[in-house]
Amino acid sequence: MRGCRYLLLCVLVGVLALGWCQGELNKDLVNKKIERKVDITSQVVKIATKITLENSGAAPVKSFLVALTPEEKEKLSSIIVQSGGSVLKIRETKVDEQPDVAFYKVDLREPLNPSKTVNVDVEYILTHILEPYPASIQQGEKQLVKYSGNHYVLSPYPTTTQTTTVAVPSPNIESYSRLKPTAHTDTSITYGPYESVAAFSEDAMSIHYENNSPFLTVTRLERMIEVSHWGNIAVEETIDVLHNGASLKGPFSRYDYQREHNSYSSIKSFKTIIPASAKDVYYRDEIGNISTSHMRIQDDAVELDLRPRFPLFGGWKTHYKIGYNVPSYEYLYSSGDEYLLKLRIIDHVFDDMTIDELLLTIILPEGVRNIKLETPYPVERLADTLHYTYLDTVGRPVVSLTKKNMVEAHIQDLSLHYRFPSLLMLQEPLLVVLAFFLLFLMVILYVRLDLTLSKDEATESKMRVSSHCEQVHTHHEKRARLYEKLEEEIHKLKSSKDVAQSQTTTKKIQASIKDETQFINDLVGKIRADSTDYADKVAELQKVDKALRECVVQQLTNVEKLVSGKMSKQQYMDTDNPLHRKKEEALERIKSLLSAI
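Rules used throughout
Residues numbered from 1 in each chain as written. Predicted model: local features only at pLDDT ≥ 70, side-chain atom pairs only at ≥ 80, totals over all residues. Heavy atoms only, no water. UniProt positions renumbered as here; feature names shortened; annotations may be inferred. Salt bridge = Lys/Arg side-chain N within 4 Å of Asp/Glu carboxyl O. Helix = DSSP H or I, 4+ residues; strand = E, 2+ residues; numbered from the N terminus. Core = buried A, V, L, I, M, F, W, Y, C linked by side-chain atoms within 4.5 Å. Buried < 20%, exposed > 50% of the residue type's maximum accessible area, 1.4 Å probe, protein only. Contact = heavy atoms within 4.5 Å. Phe/Tyr/Trp six-rings, centres within 6.5 Å; stacked < 30°, edge-to-face > 60°. Lys NZ or Arg CZ within 6 Å of the ring centre and 35° of its normal. Axes fitted to C-alpha atoms, helices over the stretch in contact; angles between N-to-C directions. Parallel < 35°, antiparallel > 145°, perpendicular 65-115°, else oblique. Nonpolar A, V, L, I, M, F, W, Y, C, P; charged D, E, K, R; others polar. Pairing = 2+ DSSP bridges. Left-handed = near helix turned anticlockwise from the far one by under 90°. Patch = residues over 30% accessible without salt bridge, like charges linked within 9 Å, V, L, I, M, F, W, Y side chains within 5 Å. Areas by Shrake-Rupley, 256 points an atom, 1.4 Å probe, with all protein chains shown as cover.

- The protein chain appears in an unreviewed UniProt entry as Dolichyl-diphosphooligosaccharide--protein glycosyltransferase subunit 1 from Petrolisthes manimaculis.
- For the protein chain, the Sequence similarities (unreviewed entry) comment in UniProt is given as "Belongs to the OST1 family."

## Observations regarding the pattern of salt bridges
- A complete count under the given rule lists 27 salt bridges for this structure.
- Between Arg91 and Asp107 there is a salt bridge; the shortest N-O distance is 2.9 Å. Residue Arg91 is found in strand S6 (residues 89-93), and its partner Asp107 is found in strand S7 (residues 102-112); the two are separated by 16 residues along the sequence.
- A single salt-bridge network, built from bridges that share partners, covers Arg223, Glu237, Arg344 and Asp347.

## Quick notes on the nonpolar core
- Core analysis: the biggest nonpolar cluster contains 54 residues, and Ile40, Val45, Phe64, Tyr147, Val166, Ile207 and Tyr209 have the highest contact counts within it.
- Once residues lying within four places of it in the same chain are set aside, the contact partners of Tyr209 are Ile40, Leu130, Gln143, Leu144, Val145, Tyr147, Val168, Pro169, Asn172, Ile173 and Glu174.
- In this structure, Tyr283, Tyr320, Met406 and Phe420 belong to the second largest nonpolar core, which totals 48 residues.

## Some points on the packing of aromatic side chains
- Summed over the entire model, instances satisfying the criterion amount to twelve aromatic pairs.
- Taken together, a centroid distance of 6.0 Å and an interplanar angle of 80 degrees make the contact between Phe103 and Phe200 edge-to-face. Here Phe200 lies in the loop between strand S15 (188-197) and strand S16 (204-210) and Phe103 lies in strand S7, a separation of 97 residues in the sequence. The exposure classification of Phe103 matches that of Phe200, with both residues buried.
- Seen from their ring centres, Tyr339 and Tyr418 are 5.7 Å apart, and the 10 degrees between their planes marks the pair as stacked. With Tyr339 in strand S26 (residues 338-344) and Tyr418 in strand S32 (residues 413-419), this residue pair connects regions lying 79 residues apart in the sequence. When sorted by exposure, Tyr339 lands in the same class as Tyr418, which is buried.
- Among the aromatic side chains, those forming a connected cluster through ring pairs are Phe252, Phe310, Phe313 and Trp316.
- In this structure, Lys146 is placed above the aromatic ring of Tyr133, and the distance from its NZ or CZ to the ring centre is 5.4 Å.
- When the ring centre of Tyr282 is taken as origin, the NZ or CZ atom of Arg284, which lies over that ring, is 4.1 Å away.

## Some points on the packing of helix H6 (residues 499-528) against helix H7 (residues 532-564)
- Viewed as axis vectors pointing N to C, H6 and H7 meet at an angle of 170 degrees, and their least axial separation amounts to 10 Å. In terms of axis orientation, H6 runs roughly antiparallel to H7.
- Along the lines of polarity and charge, the residues of the contact of H6 with H7 split into twelve nonpolar, eight polar and five charged.

## Let's talk about the sheet that holds S32
- What the four strands build is an open sheet, ordered S25-S26-S32-S28; its pairing is antiparallel. Looking at which strands have only one partner, the edges of the open sheet turn out to be strand S25 (332-335) and strand S28 (369-374). Going across the sheet, the axis of each strand differs from the next one's by a mean of 15 degrees, ignoring polarity.
- The pairing of S25 with S26 spans four bridges and is antiparallel. Residue pairing in the sheet places Ser335 in a bridge with Glu338 of S26.

## Some words on the UniProt feature "coiled-coil region" (unreviewed entry) in the protein chain
- According to UniProt, the positions carrying the feature "coiled-coil region" (unreviewed entry) are residues 476-503.
- Measuring from the first to the last C-alpha atom of residues 476-503 gives 23 Å, for a span that is 93% helix and 0% strand.

## Side note on the side chain of Lys583
- Looking at the element boundaries, Lys583 is found in helix H8 (residues 569-596).
- Other than its neighbours up to four places away in sequence, Lys583 contacts Glu487, Leu548, Cys551, Val552 and Gln555.

## Focus: the packing of helix H5 (residues 457-496) against H6
- Running from N to C, H5 and H6 cross one another at 165 degrees; their axes reach a closest spacing of 9 Å. On the basis of their axis angle, the class for H5 and H6 is roughly antiparallel. Note that H5 runs across H6; the crossing there is left-handed.
- When its residues are assigned to classes, the contact of H5 with H6 shows 13 nonpolar, nine polar and six charged.

## Considering the sheet that holds S7
- Pairing is antiparallel across the open sheet formed by three strands, whose spatial order is S3-S7-S6. Looking at which strands have only one partner, the edges of the open sheet turn out to be strand S3 (61-68) and S6. Along the sheet, successive strands turn relative to each other by an average axial angle of 30 degrees, direction set aside.
- In this structure, S6 lies alongside S7, joined through five bridges in antiparallel fashion. Bridged to Lys89 within S7 is Asp107.

## Some remarks on a nonpolar patch on the surface
- There is a patch of nonpolar side chains on the surface, built from Tyr390, Leu391, Val432, Phe436, Leu439, Phe440, Val443, Tyr446 and Val447 and spanning about 990 Å² of accessible area.
- Relative to the helices and strands, Val443 resides in helix H4 (residues 427-448).
- Among the residues examined, Val443 registers a relative accessible area of 44% and is labelled partly exposed.

Next comes the structure, spelled out in structure tokens:
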């Protein structure tokens, strides 16, 4: 019994949901007046309809329906309904009585009371609805296109009076359909006014005219945005562009193209607009940087004049990349660990652009959580992925979305909310510090560790001898400085004549000299164990040093005798000169031995 009740409840909910999704034709609504403007001056068709809606019934009306033909629904890129300056809520619905017509249900701001009227503006944009006719033209021919539509505004409600004005880019019109009353001026065709038009009235409209405006289509746009909390947002776009106008018939002549300048529908360049704060802008393709572009910095934007490597004719295409950096403080807002990213879903690629397919990827910093995406119009969000780059550990979250059939009306901001702990800002600097620490540690281990499988006795012996010889040099340098101090004491004694003080100081110096000499003697035995050649040289150094020391001590003794009066000055001079020569010879010999050790 409980199962039957549950099944009955599910059926009831399904029926209610179906009734909510389907619209109803309100017989009480009347289009008191309709003014429609159709702009076919470019590759996109812009239709703006002003409707004065009247409630002829007895009950208030909360919503009404907007109808489109199946062809318009297939080519529809954007639709917006406004009333009194406010955008009304709109959603697609179905009507059982007209299964072949596309309907949109629009909710009014306030219920429309009986016998009252309300003004609404319906604006929508159609893409790929203009047909090149003929489909192929030669290089110097002008491009003709054909527009097919309806003389009447397709509406589920009867219309009291309506007028349609069609704007064309030039007065060169091959032909156009006529449904009286019809008026034609230079660049416009006016149909109507038509009185007492029944609901769902249709009458084929056809206009065959000249249109040399750029028929450029972005067949695929891959827009990548990389967010850094270190102050920069990088944007890169990979763009495939196709000229979908009348295809070129016959060969292309570069000579005729540059001489006659009569290729009306070809495209030499186009203007792309990026944010005013953009810097480090680049424009390149598979070959490399395209240097024929120009950049103009304006107050509110940066204008790029992009010139492909070759002019684009019908059926021709090109592929390129454009990128730039913007400061994050203009698009990234924070409150504690909560962040809000607000930036454009697409940029202005060129005037009256059409984008068949967009793939937008937003690469967030590593460690981002609680991601919430808000868009101003419906998009298809793909599954989140991870992106790995320098110094990443678990990967950076990537938010991806896609949308088809986009125009300039879709240049709006998205809002991306997420949480990012501030402490994670230290992750990359700490990883750099850790990397350098490990590098230095590996160098230290590599230098100090012996990783050889067997010992090289000859190499180790040389290393030991080299180490001992360095110690010999160190001790000898100390000993040489002690000799210098001893020489200074000899000169002081000559002037002060204080023999007792001099003997006290010189004994200490001589004792230190003996200590250094003993250190070197100990090293001689260690060196001899590995190299007798170096040991003999060090032993020879010790012998010469002994002779030097004897000369210096003898000079000290002679000065003491001279100062105490035990030796005359002449005797001192006679004995000091030979000692001085011996000392100089010993010093030269020591210098030679040290250079060999």
